[in-house]
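Results of the structural survey
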Amino acid sequence: MDTTLRGVGVSHGVAIGEVRHMGTAALEPPTHRIAPQDAPREQARARQAVEAVAADLVARGNLAGGEAQAVLEAQAMMARDPELRSDVERRIAVGSTAERAVYDALSAYRALLAGAGEYLAGRVADLDDVRNRIVARLLGVPMPGVPDSDQPYVLVARDLAPADTALLDPALVLGFVTEEGGPTSHSAILARALGVPAVVALPGAGKLAEGIVVAVDGSSGEVMVAPDADEQAALARAAEERRAALSATIGPGATSDGHKVPLLANIGGPEDVPAAIEAGAEGVGLFRTEFLFLDSGGAAPSRERQTRTYREVLQAFPESRVVVRVLDAGADKPLSFLGQAEEPNPALGVRGLRTLLQHPDVLHGQLAALAEAAEGLPVYLEVMAPMVADRTDARAFAEACREAGLQAKCGAMVEIPSAALRARSVLQEVEFLSVGTNDLAQYTFAADRQAGALSRLQDPWQPALLDLVALAAEAGKAEGKSCGVCGEAASDPLLACVLTGLGVTSLSMGAPAIPYVRSALAQHTLAQCERAAAAARAADSAEQARAAATGVLSGE
Ligand code: PEP
Ligand code: MG
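Analysis parameters
- Residues numbered from 1 in each chain as written.
- Chains lettered and ligands numbered in written order.
- Predicted model: local features only at pLDDT ≥ 70, side-chain atom pairs only at ≥ 80, totals over all residues.
- Heavy atoms only, no water.
- Domains from an automatic or database assignment.
- Salt bridge = Lys/Arg side-chain N within 4 Å of Asp/Glu carboxyl O.
- Helix = DSSP H or I, 4+ residues; strand = E, 2+ residues; numbered from the N terminus.
- Buried < 20%, exposed > 50% of the residue type's maximum accessible area, 1.4 Å probe, protein only.
- Phe/Tyr/Trp six-rings, centres within 6.5 Å; stacked < 30°, edge-to-face > 60°.
- Donors = N, O, S within 2.8 Å, 3.2 Å for Na, K, Ca; no water.
- 1 Å grid on protein atoms, 1.4 Å probe; cavity = no way out; pocket = protein on both sides within 12 Å on 5 of 7 lines; lining within 4 Å.
- Points joined across faces, edges and corners; volume = space filled by probe spheres on them.
- Nonpolar A, V, L, I, M, F, W, Y, C, P; charged D, E, K, R; others polar.

Here the chain is partitioned into domain 1 (4-23 + 145-228), domain 2 (36-139) and domain 3 (255-524). For domain 2 and domain 3, the distance between their C-alpha centroids amounts to 41 Å.

Structural data, given as structure tokens:
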């Protein structure tokens, strides 16, 4: 075996440790036949096993929460699929055992998925996991799952199944290596969420010997097998130097030829301020105020409490820009005190600014608290509204800001395609734009951002999304006003270069991403970023856009 294998690096950093394989060995049950009178008993066994596995997946989801929960619930739905159940019962009726019927029915479905294009093929790992779990239960053998180790290890798998990764102990997992998967696979998403290095799509990963030491470089995509002590020390030193270099590259965000792109932090409240300052944030680009409202025990927080909280944040950023987003309630952020009616499609219903315009007292109270909080402070307060659809929305928000006596720039988030398409018209009413790529992707692709199964469409590299960001940025330029990005897209270092090339004027992200984005920008000129942006927009898929931009930015 080569001493260095190459895959796709999807989560930065270097991990050195012993290989532990995920216990996903496929169990193939024997094919012996049952007597017809045993069919009802076998069908009952199959039903019980399916239900037990589905319930276990839901319970694991509840424990894990967040993104993992959505994926685990989708797996439970796969297990409970009525067509699958009929297929299993049919197979048992003609002589299969419960375990063989489950195995065959799910294998048939697997073959369909595997042949159904890149995205569905990516869900095959989820389906295999469901199959292995039900079969293991019926055979009475241990469930496939995470290695049973109390020492830190590098986890190696064909592709990681969400059911197990949700329960991985982050203190024990040094990094991930998978044979399959891609940049948007669960393995990649989970590795980034855990902050551990990961390499996916590594041919031969399954053949790595259990217990052998590997060095995983999540930036280059290289996995060094059995590095000797000197190599290990050199790799660890290089990783440490890179970490140190990243945290040492302070100063304003800019391209290598000095085009400034302020790097701002996304925060949920004063508790996030220290990390933002430590990462060298030049201000706050998105203060999500809903957490303050969510923490208020079902009532609106008092004016005093709001003022205190806002002032605490504003004081931490003297002479800097702090962009506060007014309450974004509704849909995925319900707030009971607003007494919102049940809606058939909450994401398309009354949320964000729409909610606030129905509750002008809440909007006024928040704007007045912000005005009070900023009094006498040397800060550049900016206030923006979520879910602005058009100029009428923008005008209503700007008027509310004026009525509250706010001495602050007033802006609109671009989260709905209509706002991007008519950004110049929106800018007649407000002074800046901030693109929320998370919701903009949801509404552009009609893909619920909470549905794990639709993550392909939520990929911020989608060229259609880049087109809309470009429209907003061009409108900002034409009107002489700023247009930043504050959605997750800004935290991908490569994409940050592309966004800069599209004409975006600031980038706001979770604090840990700031050093990586700063370093990526510093390695390219504005013209190179513009070429990468043009190449990405010329692509027809997110994968092609990423590859095209990578080609431009690395080939120089
Ligand atoms: C967005 O939609 O991109 C955004 C920044 O807002 P949130 O994620 O809070 O909806
Ligand atoms: Mg949003």
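Tallied over the full model, the rule gives 28 salt bridges. Of the charged contacts in the structure, one is a salt bridge between Arg 91 and Asp 87, with a shortest N-O distance of 3.2 Å. One end of the pair, Arg 91, and the other, Asp 87, are both in helix H3 (residues 82-93), 4 residues apart, so they sit about a helical turn from each other. Owing to a relative accessible area of 25%, Arg 91 belongs among the partly exposed residues under this scheme.

Moving on, we get to the packing of aromatic side chains. Considering all chains together, one arrives at 2 aromatic pairs under this definition. Summarising the aromatic geometry, the rings of Phe 287 and Tyr 310 are spaced 6.0 Å apart at their centres and angled 80° between planes, so their arrangement reads as edge-to-face. Placement of Phe 287 in strand S10 (residues 283-288) and of Tyr 310 in helix H12 (residues 303-315) is noted, with a sequence separation of 23 residues between them. Here Phe 287 falls in the buried class, since its relative accessible area comes to 1%. Classification of Tyr 310 as buried rests on a relative accessible area of 1%.

Here we come to the coordination of the magnesium ion (ligand 2). Protein-derived coordination of the magnesium ion (ligand 2) comes from Glu 415 (OE) and Asp 439 (OD), at a distance range of 2.0 Å. Residue Glu 415 is found in the loop between strand S13 (409-414) and helix H16 (417-421), and its partner Asp 439 is found in helix H18 (residues 437-444); the two are separated by 24 residues along the sequence. Among the residues examined, Asp 439 registers a relative accessible area of 1% and is labelled buried.

So, on to empty space enclosed by the protein. Under the definition given, this model contains 1 cavity of 30 Å³ or more. In this structure, the largest cavity encloses a volume near 60 Å³. Around the largest cavity, the lining residues are Leu 264, Gly 285, Arg 321, Val 323, Phe 432, Leu 433, Ser 434, Gly 484, Val 485, Cys 486, Ser 506 and Ser 508. Contributing elements (two or more residues each) for the lining of the largest cavity: strand S11 (321-325), strand S14 (432-435), strand S15 (482-485) and strand S16 (506-509). Ranked by residue count, the leading element in the lining of the largest cavity is S14, at 3 residues. In the lining of the largest cavity, the residues fall into 6 nonpolar, 5 polar and 1 charged.

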